[in-house]
Amino acid sequence: MSDFRSQIAGAIGRRATIRLREDGGGLRDLVGVLQSETELINRHGEVKAFNPDDIVALRLIPVFNRRDNASSPLKIYDTHSRMLKEITGQNGVVHIYCCGPTVYRDAHVGNLRTFLLADLINRTITLTGLDVILVQNITDVGHMAEELRPEDGAEEDKLLAESARTKLDPFEIARRYEARFHQDLASLNIIPADSYPKASETIQEMIGAIETLLAQENAYIGRDGTVYFAAQSVQSYGAISGNKLDSLKPGYRYEFSDEGGKRFHADWALWKLTAGRTQMIWDSPWGQGFPGWHIECSVMSINLLAARVDLHVGGIDLRFPHHENERAQSNSLTGNETVATWVHGEHLLFEGRKMSKSSGNVVLLSDVIERGLDPLALRFSLLENRYRSQMDLSWAALDAAHSTLRRWRKLMVQWGDSDTLKFDQEISDSFTTDIDTPRALQRLRQLEKDSTIGALDKRAIFLFADQVLGLELNRPEIVKGLSPDLVELLEQRVQARADKDWAKSDALRLELESAGLDIADGKDGQSWSWR
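In this text, all values refer to a predicted model and were calculated from it rather than measured experimentally.

So, how was this worked out
Residues numbered from 1 in each chain as written. Predicted model: local features only at pLDDT ≥ 70, side-chain atom pairs only at ≥ 80, totals over all residues. Heavy atoms only, no water. Helix = DSSP H or I, 4+ residues; strand = E, 2+ residues; numbered from the N terminus. Buried < 20%, exposed > 50% of the residue type's maximum accessible area, 1.4 Å probe, protein only. Contact = heavy atoms within 4.5 Å. Lys, Arg positive; Asp, Glu negative; His and termini not counted. Charge placed at Lys NZ, Arg CZ, Asp CG, Glu CD. Phe/Tyr/Trp six-rings, centres within 6.5 Å; stacked < 30°, edge-to-face > 60°. Lys NZ or Arg CZ within 6 Å of the ring centre and 35° of its normal. Pairing = 2+ DSSP bridges. Expected span 1.5 Å × (residues − 1). Core = buried A, V, L, I, M, F, W, Y, C linked by side-chain atoms within 4.5 Å. Salt bridge = Lys/Arg side-chain N within 4 Å of Asp/Glu carboxyl O. 1 Å grid on protein atoms, 1.4 Å probe; cavity = no way out; pocket = protein on both sides within 12 Å on 5 of 7 lines; lining within 4 Å. Points joined across faces, edges and corners; volume = space filled by probe spheres on them. Nonpolar A, V, L, I, M, F, W, Y, C, P; charged D, E, K, R; others polar.

## Observations concerning the overall build of the protein
So, step 1. Looking only at helices and strands, the protein has 15 helices and 20 strands in total.
So, step 2. Expressed along its principal axes, the backbone C-alpha trace of the protein runs to roughly 90 × 55 × 45 Å.
So, step 3. Looking at the protein as a whole, 53% of its 531 residues qualify as buried.
So, step 4. Expressed as a percentage of contacts within the protein between residues at least 6 apart in sequence, the contacts between residues at least 24 apart total 70%.
So, step 5. The positive charge centre, built from 63 side chains, and the negative charge centre, built from 78, are 4 Å apart in the protein.

Here is the structure:
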């Protein structure tokens, strides 16, 4: 904690991201310019106070002179128009909404790939000289899953299913996994969103939106008392996914299993009555119940982003029905095309297979860390692939990314200690042309080997690229000390090589490597490093 105090004392006047632990165990993020050791000013000019002893993470944001910025505007693929669209925002500000986690379990590395996409877009837009307001929702009620449905066929909320399994209060579960979600984001160096609205804290706003949809006849009360959205009231339904209403087969399942009160098979629930449910229910004009899943994103994005979403981010699995339904709701509420650009990240496989609990191959960020890998090795691995391409992640790829990160950080130390950034046109174009991170990484690999470029320039260009890559390339390597046993084994190996006892030398190498060391033999003798 005292270390954070000293860092803040030396960073007054600089822009920073601060993550604070709150009394209830949750986390709160502040982003702005440090004014003192206990205050900063955010983008809205508001002074925010904080206690340095509550800080769990601090990141100083590198300063880039925007007058020297030759970056073009970001052009990114829009799922709706099926073409690259230029992101400009309004009055120098871009509004981004990213679908967040359903907090009944940990986010796996596939989920984190989508959240990383939003971060890369955020960083790239900032690089082009625009400001960003980013909202990411926390779904803690209303998300149904057929695989969790009880034997009697009734739908079940994911949080309530986990509550029944663990015998814990559903909101206790939600807050626990929400905190772990934020920890994962911090470990991946993902810049915090400006707002993380919770579904459970937006109920009244959802009820108001549903009342509006009913009044406009975009919704109706079904025979079962459920409030449904009338899909046929939106002529352009299907524009994102290509799934037209007249092509959808009757009986197609959405997120509920007992929607017998619908007028049309493709309609979906906006508000469900309790039907025996006793937890996570609220009063409404239609009786006690709970909201459907899709309505929360419409309400949050409209209310928090002034009914103008310049860019909406999510995984490809959300394109239909979630985003299709959200678009229908939002456009009905605002009377126009609420979202200008829809961006979707592709699926992530792990070692050739889709991740699932039944396959036993769900990989969490904590699994990466437990293997002794830098969590940013996951970020690096994800950057090696285009976001619109399906990716097959593997432990071998993560190991390779970890090694490259270590090598680049060592080189950065060798190249000096300047914080100067140097603009690189190819890297900038890589980012602004549909977030082509593999091309940017390839450029860095070329620079690393180019003997015609000086060390200071290499360091400055790497720092420029890291504004978007977010790999903390300027972070000094933390070298762990050696235990007396390891020191003795290293000395024994030096002696074995001096005695030309190669068998013993090889055996000691294997023992040292199993303890986590990398051993190298050169003209200056034996050297070691931690993996």
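## Section: the environment of Ser332
So, step 1. Here Ser332 shows up in helix H7 (residues 319–334).
So, step 2. Each C-alpha atom of the pair Ser332 and Val234 lies 7.7 Å from the other, and the pair is 98 residues apart in sequence.
So, step 3. Setting aside its immediate chain neighbours within four residues, Ser332 contacts Leu213, Gln216, Asn218, Phe229 and Val234.

## Considering the packing of aromatic side chains
So, step 1. Using the criterion set out here, one finds 11 aromatic pairs in the structure.
So, step 2. Here the aromatic cluster, defined as three or more aromatic residues joined through ring pairs, consists of Phe380, Trp408, Trp415 and Phe462.
So, step 3. Positioned above the aromatic ring of Phe290, the side-chain terminus of Arg277 is 3.7 Å from the ring centre.
So, step 4. Directly above the aromatic system of Tyr77 lies the positively charged group of Arg388, at a separation of 4.1 Å from the ring centroid.

## What about the sheet that holds strand E17 (residues 353–354)?
So, step 1. Here we have three strands laid out as an open sheet, ordered E17-E16-E18, and mixed in their pairing. At either end of the open sheet lies a strand with only one pairing partner, and these are E17 and strand E18 (391–393).
So, step 2. Two strands pair when backbone bridges link them, and strand E16 (residues 348–350) and E18 are joined in this way by three bridges, in the parallel orientation. Bridge pairing in E18 places Leu348 opposite Met391.

## Considering helix H10 (residues 395–414)
Residues that lie three or four places apart on an α-helix share one face, since the helix turns once every 3.6 residues.
So, step 1. Between its terminal C-alpha atoms H10 stretches 29 Å, which fits the 28 Å expected from 20 residues at 1.5 Å a residue.
So, step 2. Buried within H10 we find Trp395, Leu398, Ala401, His402, Thr404, Leu405, Arg406, Trp408, Arg409, Leu411 and Met412.
So, step 3. Downstream of H10 by one or two residues, Gly416 has phi in the positive range, about 120 degrees.

## Focus on the nonpolar core
So, step 1. Among the nonpolar cores identified, the biggest contains 120 residues, and Ile76, Ile96, Ile121, Ile125, Leu270, Leu378 and Ile427 are the most heavily contacted of them.
So, step 2. At 10 residues, the largest contribution of residues to this core is made by helix H2 (residues 109–127).
So, step 3. The contacts of Leu378, once residues within four sequence positions are left out, are Val109, Leu112, Leu188, Leu365, Leu393 and Leu398.
So, step 4. If you look at the next biggest cluster of nonpolar residues, it comprises 12 residues, including Phe4, Ala16, Leu20 and Ile55.

## Side note on H2
So, step 1. Taking 1.5 Å per residue, 19 residues should reach 27 Å; H2 reaches 26 Å between its end C-alpha atoms and fits that length.
So, step 2. Among the 19 residues of H2, 17 are classified as buried, and the element is accordingly described as predominantly covered.
So, step 3. Remark: Gly129 follows H2 within two positions and exhibits a positive phi of approximately 105 degrees.

## Observations concerning unusual backbone geometry
Both trends apply: most residues other than glycine have a negative phi, and most peptide bonds are in trans.
So, step 1. Cis peptide bonds are those with omega within 30 degrees of zero, and the linkage from Phe320 to Pro321 qualifies with 5 degrees.
So, step 2. Position of Pro321 among the secondary structure elements: in helix H7.
So, step 3. Positive phi outside glycine occurs at Glu472, with the angle close to 55 degrees.
So, step 4. Within the fold, Glu472 resides in the loop between helix H13 (455–469) and helix H14 (484–498).

## So, the side chain of Asn331
So, step 1. Looking at where Asn331 falls in the secondary structure, it is placed in helix H7.
So, step 2. Judged by its relative accessible area of 13%, Asn331 is buried.
So, step 3. Discounting residues that sit within four places of it in the chain, Asn331 has contacts with Asn336, Glu337 and Thr338.

## Points about the pairing of strand E7 (residues 83–86)
So, step 1. Pairing of strand E6 (residues 75–78) with E7 involves four bridges; the strand directions are antiparallel. Across the sheet, the residue bridging to Ile76 is Lys85, located in E7.
So, step 2. Adjacent in sequence and paired antiparallel, E6 and E7 are bridged by four residues, among which Arg82 carries a positive phi angle near 60 degrees.

## Focus: the pattern of salt bridges
So, step 1. Tallied over the entire structure, the rule returns 30 salt bridges.
So, step 2. In this structure, Glu178 and Arg175 form a salt bridge, with 2.8 Å as the shortest nitrogen-oxygen distance. Here Arg175 and Glu178 lie together in helix H4 (residues 170–187), a separation of three residues that amounts to about one turn.
So, step 3. Arg175 gets classed as partly exposed once you look at its relative accessible area, which sits at 30%.
So, step 4. A salt bridge links Arg493 to Asp521, with the nearest nitrogen and oxygen atoms 2.9 Å apart. One end of the pair, Arg493, is in helix H14; the other, Asp521, is in strand E19 (residues 517–522), with 28 residues separating them in the sequence.
So, step 5. Classification of Arg493 by relative accessible area gives buried; the value is 1%.
So, step 6. Classification of Asp521 by relative accessible area gives partly exposed; the value is 33%.

## Quick notes on empty space enclosed by the protein
So, step 1. Applying the stated criterion to the full structure yields two cavities of 30 Å³ or more.
So, step 2. When residues in the lining of the largest cavity are grouped by element, the largest group, five residues, is from H2.
So, step 3. When grouped by side-chain class, the residues that make up the lining of the largest cavity number six nonpolar, four polar and three charged.
So, step 4. Here the second largest cavity defines a volume of roughly 60 Å³.
So, step 5. Lining the second largest cavity we find Cys98, Phe115, Ala118, Asp119, Leu134, Gln136, Ile190, Ile191, Pro192, Ala193 and Tyr196.
So, step 6. Only H2 and strand E9 (131–136) provide two or more residues apiece to the lining of the second largest cavity.
So, step 7. Of all the elements, H2 adds the most residues to the lining of the second largest cavity, at three residues.

## Things to note about the side chain of Thr124
So, step 1. Relative to the helices and strands, Thr124 is located in helix H2.
So, step 2. Residues contacting Thr124, with those up to four places away along its chain left out, are Leu74, Phe431, Thr432, Ile435 and Val468.

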